[in-house]
Amino acid sequence: MALFSRTILAIACFLLATPGVAASAEEEKSESNHSEESLLSGIRQLTFAGKRSGEGYFSPDGTKLIFQSERDPENPFYQIFLLDLETGDIDRVSPGHGKTTCGWFFPNQDRVLFASTHEDPEAVSKQKAELEFRASGQSRRYAWDYDEHFDIFVSDLDGNGLINLTRTLGYDAEGSASPDGKQIVFSSNRLAYSEPLSDHDAELLKTDQSYFLDLYVMQADGSKVRRLTDAKGYDGGPFFSPDGERITWRRFSEDGATAEVFTIRPDGSDERQLTKLGAMSWAPFFHPSGDYLIFTTNLHGFGNFELYLVDSLGKSRPLRVTFTDGFDGLPVFSPDGRDLVWTSSRTADKSSQMFLAKWNDGEARRLLGLDPESLPLTVDGSNDFSNTAPEISADDLKKYVSYLASDKLEGRLTGSPGEDLATRYVADAFEMLGLEPAAADGSFFEEFEFTAGVSLGGDNRLSAELPQSREKSWQVDADWRPLAFSASGSFGPSEVAFAGYGIVAPAKDGFPEYDSYVHLDVTDKWVLVLRYLPENITPEHRQHLARHASLRYKAMVARDRGARGILVVSGPRSKVKEPLVELSFDASLAGTSVAALSVVDSLAESLLESAGKDLGSLQDQLDGGELQQGFALEGVKVAADIEIIQQKGVGKNVIARLSSGVEGASAIAVGAHLDHLGRGLGGTSLAGGDEKGQIHYGADDNASGTASILEIAQYLVDQKKRGRLKLKRDILFTAWSGEELGIIGSSYFAEARSGSDHPHQAPSLQGQIDAYLNLDMVGRLRDAVVLQGVGSSSIWPEEIERRNVPVGLPIVTQDDSYLPTDATAFYVKGVPVLSAFTGSHEDYHRPGDTAEKINYDGTAKIARFMALMARALAEREEAPDYIAQTKPESQQGRAGLRAYLGTVPDYVQGDQKGLRISGVAEGGPADEAGLRAGDVIVELAGRTIENIYDYTYAIDALKVGETVKVVVMREGKRLELEITPSSRE
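Each value, and the rule that gives it
Residues numbered from 1 in each chain as written. Predicted model: local features only at pLDDT ≥ 70, side-chain atom pairs only at ≥ 80, totals over all residues. Heavy atoms only, no water. Helix = DSSP H or I, 4+ residues; strand = E, 2+ residues; numbered from the N terminus. Buried < 20%, exposed > 50% of the residue type's maximum accessible area, 1.4 Å probe, protein only. Contact = heavy atoms within 4.5 Å. Areas by Shrake-Rupley, 256 points an atom, 1.4 Å probe, with all protein chains shown as cover. Lys, Arg positive; Asp, Glu negative; His and termini not counted. Charge placed at Lys NZ, Arg CZ, Asp CG, Glu CD. Pairing = 2+ DSSP bridges. Axes fitted to C-alpha atoms, helices over the stretch in contact; angles between N-to-C directions. Salt bridge = Lys/Arg side-chain N within 4 Å of Asp/Glu carboxyl O. pLDDT = per-residue confidence, 0-100. Arc of directions from axis to C-beta. Polar contact = N/O pair within 3.5 Å; in protein donor to acceptor, adjacent residues only side chain to side chain. Parallel < 35°, antiparallel > 145°, perpendicular 65-115°, else oblique. Nonpolar A, V, L, I, M, F, W, Y, C, P; charged D, E, K, R; others polar. Core = buried A, V, L, I, M, F, W, Y, C linked by side-chain atoms within 4.5 Å.

A. How the structure looks around the overall build of the protein. Along the backbone of the protein there are 20 helices and 51 strands. Principal-axis analysis of the C-alpha atoms gives the protein an extent of 130 × 60 × 55 Å. Classification of the 985 residues of the protein by burial places 57% in the buried group. Long-range contacts, defined here as pairs at least 24 residues apart, represent 68% of the contacts in the protein between residues at least 6 apart. Of the roughly 39,500 Å² that the protein leaves accessible, carbon and sulfur atoms contribute 48%. Charged side chains of the protein number 99 positive and 149 negative; the gap between the two group centres comes to 1 Å.

B. Representation of the sheet that holds strand E2 (residues 52–58) in the model. The strand order across the open sheet built from 4 strands is E2-E3-E4-E5, with neighbouring strands paired in antiparallel fashion. Of all the strands in the sheet, the pair left with one neighbour each is E2 and strand E5 (90–92). Averaged over all adjacent pairs, the angle separating strand axes in this sheet is 30°, with direction ignored.

C. Representation of the sheet that holds strand E24 (residues 353–359) within the structure. Within the open sheet, the 4 strands sit side by side as E1-E24-E23-E22. Their pairing is antiparallel. Of all strands in the sheet, those with a lone pairing partner are strand E1 (40–45) and strand E22 (328–333), marking the two edges. Direction aside, the axes of adjacent strands within the sheet are offset by 25° on average. Both E22 and strand E23 (residues 339–344) contribute to a ladder of 4 bridges, which runs antiparallel. Residue Val332 lies in a different strand from E23, and its bridge partner there is Val341.

D. Highlighting the pattern of salt bridges. Within the structure shown, the criterion is met by 57 salt bridges. Of the charged contacts in the structure, one is a salt bridge between Arg227 and Asp214, with a shortest N-O distance of 2.7 Å. Of this pair, Arg227 sits in strand E13 (residues 226–227) while Asp214 sits in strand E12 (residues 214–219), and the two are 13 residues apart along the sequence. Notably, a salt bridge pairs Asp328 with Arg346, separated by 3.1 Å at the nearest N-O pair. Placement of Asp328 in strand E22 and of Arg346 in the loop between E23 and E24 is noted, with a sequence separation of 18 residues between them. Arg346 carries the same exposure label as Asp328, and that label is buried. Salt bridges sharing partners connect three or more residues here, namely Asp89, Glu799, Arg802, Arg803, Arg871, Glu875 and Arg876.

E. Broad picture of the confidence of the model for the protein. Per-residue confidence for the protein gives a mean pLDDT of 87, with 90% of residues at or over 70. Overall, residues 374–389 carries pLDDT values under 50, and its contacts beyond four positions in sequence, including any with other chains, amount to 19 contacts.

F. Representation of helix H8 (residues 394–404) in the model. Of all the positions in H8, only Ala394, Leu397, Tyr400, Val401 and Leu404 are classed as buried. Down the axis, H8 shows its buried residues gathered within 125° of arc, on one side only. Of the residues flanking the start of H8, the one acting as N-cap is Ser393, its side-chain oxygen 3.0 Å from the backbone nitrogen of Asp395.

G. Representation of helix H15 (residues 744–754) in the model. Burial in H15 covers these residues: Ile744, Gly745, Ser746, Phe749, Ala750, Glu751 and Ser754. Buried positions along H15 lie against strand E26 (445–456), strand E37 (644–658), strand E39 (730–736) and helix H17 (823–827).

H. Structural context of the packing of H8 against helix H9 (residues 417–433). In contact at an axis separation of 10 Å, H8 and H9 are set at 155° when each is read in the N-to-C sense. On the basis of their axis angle, the class for H8 and H9 is roughly antiparallel. Counting all contacts with H8, which are made through Lys399, Tyr400, Tyr403 and Leu404, the residues of H9 involved are Leu421, Ala422 and Tyr425. Within the contact of H8 with H9, the residues separate by chemical class into 6 nonpolar, no polar and 1 charged.

I. Looking closely at the nonpolar core. Core analysis: the biggest nonpolar cluster contains 67 residues, and Phe430, Phe733 and Trp796 have the highest contact counts within it. Looking at this core element by element, the count peaks at 12 residues for helix H18 (residues 856–875). In contact with Phe430, not counting residues within four places along its chain, are Leu435, Phe444, Val654, Ala656, Ile709, Leu710, Ala713 and Phe733. Core analysis: the second largest hydrophobic core is formed by 52 residues, Ala177, Ile294, Leu319 and Phe355 among them.

J. Just the side chain of Thr263, in detail. Mapped onto the elements, Thr263 comes out in strand E16 (residues 259–264). Note on Thr263: relative accessible area 1%, which makes it buried. When sequence neighbours within four positions are dropped, the list of residues in contact with Thr263 reads Arg246, Ile247, Thr248, Trp249, Asp270, Glu271, Arg272, Leu274 and Phe286.

K. Structural context of the environment of Ala713. Residue position: Ala713 is located in helix H14 (residues 699–721). For the pair Ala713 and Ser584, spaced 129 residues apart in sequence, the C-alpha separation works out to 37 Å. If we ignore the near neighbours within four places in the chain, the residues touching Ala713 are Phe430, Leu433, Leu435 and Phe733.

Next up, the structure:
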């Protein structure tokens, strides 16, 4: 059971390179009609730390591994560790000094056994000597040490209560317990130290202690020791069969050059040899069915150890499992037979570490010619799950998502009957799980008022007094329309001034100051401004001005200069789809104290006639980027009556607590938003054509996250009931509403508990909420899950690594913590955040985001990972630290992107340079240009693209209607295309 089982293994294996053996290897290769992938799937490295790790064995319930590893800088020898496969926790169970090997679980799972030399009086000095030897720069050929001070010990899972079972001079190790826990089989050379030896054997003992090793059996308390084998050569690495009726082991030839796999009855009778490969075949282990064994052999060459199968009677020709050069050995099945753990050098640095894969029992049986057999659903063969931890289940997730994304809930629009059904569904689940209600009023529900939308009232009029005593009026929603943030009321006749693009931008980055109001008095006047920014300027200049070109920003500038109101016109050079700005709620409750109107070009032309100006000519002059002084429109006065009705609604968050029992404890929060877009009649739907007005089901966004919260809650509640969750702080489970309207529900929660009246006040949730985990759009796992917010705390990288051990997710991390999801409501209040996201797709904010398109197995893995993160955070002694970040430039008040390309970015591309796209909108500019899913954009309009920020910034610089070059990498080849941006509005 040691990593290499023979002192002379590294030297003697070259003897296998005989013509006969070589022929056998080639014969085996030629007859292999299967691949590694046919038996092993999802192969992943399980351990990474230390010089080497290996020889891992499952606990009887399959939730833990006991293994040996050289990972302590103060000890150059192996120590024994426990790896919790549910949480990723790794704890040392051996004393920490001396040498150890060969751990094993007793069936009751409260004790383990392993071999150790820590009672050797010279253990520490040997340890120190080896460290000094290595520090000198010297190295040894690796060989196993059959130290005569090895004894077999039993301890509890914490390493306490150590009991020495053997207390005999000689190598006592490689022990394992019988299925009933009553016996221990092990390997020992004790007789070589207690009985007289011939002169030949005495000399041999000095160089090859393994020659004298035989199998022994003893009671679990160390009593009634009896010898099981007495052949010359090394007998070792024994294991009981699943039914306890046989023991398998490997026997080396007398010269140590070869080894074969054997079985025997525990009473020493009926010895059988299962392999006759004439190679180094060792480390056999039974499949839980008992029908076949897996073992290690170097049949294919001196240094190339592979895994093989053989049936338990030795009738079949051994079957190759692995096909990877290097070392693959020490294989072990999980108790349910569905997984395989083994030690391999298929690592990047060729060091030995443990690997895990799914095992295909059916294919193994077919290839071995065995009858097919269905494994039991549970380890003990029963189907009673009442005493086991509830698994985070793909089937349960599917049930939850199917309801939340059903016709009955009609898209779960905040404040709608569908949202009410969704919140009641989640609250009922929390209550059935036994969670405490945690809203401020003692219920599960936290209500908040919000602006559900805006509409025009019946009192909207716009008129003008023009020169020559002319009067003109215009029709609302045809010639003009209030902007959603406009003030309501009567705005009597006031003069009008033209202020170009209405932009005020300071000098920066080599660009001069740009001020549309230079020498222009707009006090108590209407200000007529163009909608966007100069069209014919450099991309860099466009990017500079874009930060100051939003309509809200222009209205603020006009207000601060004393204006009565602002009139926004698109202009004939803008190439807009709709001349009037849509009256759509933009998720901000804040309005402005001035009137703000969108007007058609012809209306603006009527006003400009008084100054002898033409709108198209003015726009042409301004589009060059040179400032043009504004001017008053003599003899023109505009009056307006504006009535905008804010439609109020009430949304509901659902909040529950898993209590730590610690009075006044802080909490971590785990959350997801449950709302979506209803029928998509608001401003963020991307439905087009016949899709408009249909139910936007929101299966991925975000029924997937809400369903995950329910599964995480169930898992953690059960963990606490079983005594496996020792909470240092409470856990809040939160289902937010209002996220699609601008993270309203989570912000309401954060504001109410921080005592802040302003969403950007200094952090004030610290001490109340120690961390926030968010799941938003986790239902479309493809290449990887994106973990965002990693830069918000220094603990995230290590915790992500540890908690992914039992899950094996492909992960991409992003440092940004200012996110377009509920996590931001917490981050701005000083709370470290981590948000899971599987990327955008062609169904985002469209009716096609339906339940049957969810990757439920992938979602289950993400939910499990986040459950382990929550568990780890709740058990930490100290709260995670908080790292403040500067808000990314791309989010600092910039105007929405005007140019439209129709690409769907792939947010899980990892460290690849460029921007990979996961799709293109049908009929959009990218589609017409020939871009397709999988392309990696590396250049746009002459600008290098390395990431999403480069891409967004480059789009900001594009001119609508002006064709530019886009360079993509496709299947390793550089491809230049031309793309013509269209207008987003």
